[in-house]
Amino acid sequence: MNIVTVDYSMATQSYDIFFSGCKMTVHCQDCHNEEAWDFNCGTRYDLWLKKIGSDFKAFGGVIKKIFLLGGEPLDQDRENLLEFIRILREDLEIKHDIWLFTRFELNTIPDEIKQYFSHIKCGMYRPELSTADNIQYGVKLATSNQKIYARGIDY
């Protein structure tokens, strides 16, 4: 499992972690991150842990949440993804809410995965459904079919 990059978004006050790899045979038209389709792009996730830990030590006060994006996070090896989240929580002691951004619908995501996320953004990008007013939980979504679900409210 590789990470392409990490960054901080001032707009959402989020620490964004971009995984590489997307298994779709026909990718989303106008994908926002087509560079991350290739699973070989980026660097092994374990090599990012030192940077992620130091970023949270230095800037944790301005970070409000963690976004896991892609590629497609749910196309990663499930055990590696769960181990990564465990390391964030236990080894790095990061307590921030973790959000998942996925093309999958909520009912197709196993409970074993859902339990680790405070919010899950579901739905493929569909350019024919573009909208400027789909704002949920402070996040602007690109298309009207996308939805953010909150743990304890929606699942």
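Given the structure is predicted, the values throughout are model-derived calculations rather than measurements. (Residues numbered from 1 in each chain as written. Predicted model: local features only at pLDDT ≥ 70, side-chain atom pairs only at ≥ 80, totals over all residues. Heavy atoms only, no water.)

**Structural notes on the overall build of the protein chain**
Note the cut-off: Each helix is a run of DSSP H or I of at least 4 residues and each strand a run of E of at least 2, with the numbering of both proceeding from the N terminus. Every radius of gyration here is taken over C-alpha atoms, with the globule rule written as 2.2 Å times N^0.38, N being the number of residues. Burial here depends on accessible area, computed with a 1.4 Å probe over protein chains only, as a share of the maximum for the residue type. Under 20% is buried, over 50% is exposed, and the range in between is partly exposed. We call two residues contacting when some pair of their heavy atoms lies within 4.5 Å. For every accessible area listed, the method is Shrake-Rupley and the probe measures 1.4 Å; residues are considered covered only by the protein chains on display. Charge convention: Lys and Arg are scored as positive, Asp and Glu as negative, and His as well as the terminal groups of each chain are ignored. Lys charges are placed at NZ, Arg charges at CZ, Asp charges at CG and Glu charges at CD.
For the protein chain, the count of helices and strands is three helices and nine strands. When the elements of the protein chain are put in sequence order from the N terminus, they spell out β-β-β-α-β-α-β-α-β-β-β-β. Relative to the compact-globule value of 15 Å for 155 residues, the protein chain shows a C-alpha radius of gyration of 15 Å, a close match. Principal-axis analysis of the C-alpha atoms places the extent of the protein chain at approximately 40 × 35 × 30 Å. Each of the 155 residues in the protein chain was classed as buried or not, and the buried ones make up 47%. In the protein chain, the share of contacts with a sequence separation of at least 24, taken over all contacts with a separation of at least 6, comes to 58%. Of the accessible surface of the protein chain, which amounts to about 8200 Å², a share of 51% is contributed by carbon and sulfur atoms. Here the protein chain contributes 18 positive and 23 negative side-chain charges, whose respective centroids are spaced 4 Å apart.

**Observations concerning the environment of T102**
You can see T102 is positioned in the loop between β5 (97-101) and α3 (111-114). Overall, T102 belongs to the buried group, its relative accessible area being 2%. Taking the C-alpha atoms as reference, T102 lies 24 Å from D55; in sequence the two are 47 residues apart.

**Remarks on the pairing of strand β1 (residues 2-9)**
Using the following cut-off: Two strands are said to pair when DSSP picks up at least two bridges between them.
When β1 meets strand β3 (residues 43-44), the two strands line up antiparallel, connected through two bridges. Residue pairing for β3: N2 is matched across the bridge by R44. Sheet topology places β1 next to strand β2 (residues 14-19); six bridges connect them, and they run antiparallel. Its bridge partner lying in β2, T5 is registered against F18. Linking two consecutive strands that pair antiparallel, namely β1 and β2, is a turn of four residues; a positive phi of about 50° is found at Q13 within it.

**A short note on the sheet that holds β2**
As a general point, the strands of a sheet are linked pairwise by backbone hydrogen bonds and lie either parallel or antiparallel. Let me state the cut-off plainly: In this analysis, axes come from line fits to C-alpha atoms, helices being fitted only over the stretch in contact, and the angle between any two N-to-C directions falls in the range 0 to 180 degrees.
Taken together, the seven strands give an open sheet; going across it, the order is β3-β1-β2-β4-β5-β6-β9, and neighbouring strands pair in mixed fashion. The outermost strands of the open sheet, each flanked by one partner alone, are β3 and β9 (147-150). In this structure, strand β4 (residues 65-69) lies alongside β5, joined through four bridges in parallel fashion. Of the residues in β5, the one forming a bridge with F67 is W99. Along the sheet face, helix α1 (residues 49-59) touches β1, β2 and β4 and points at about 170° away from the line of β2.

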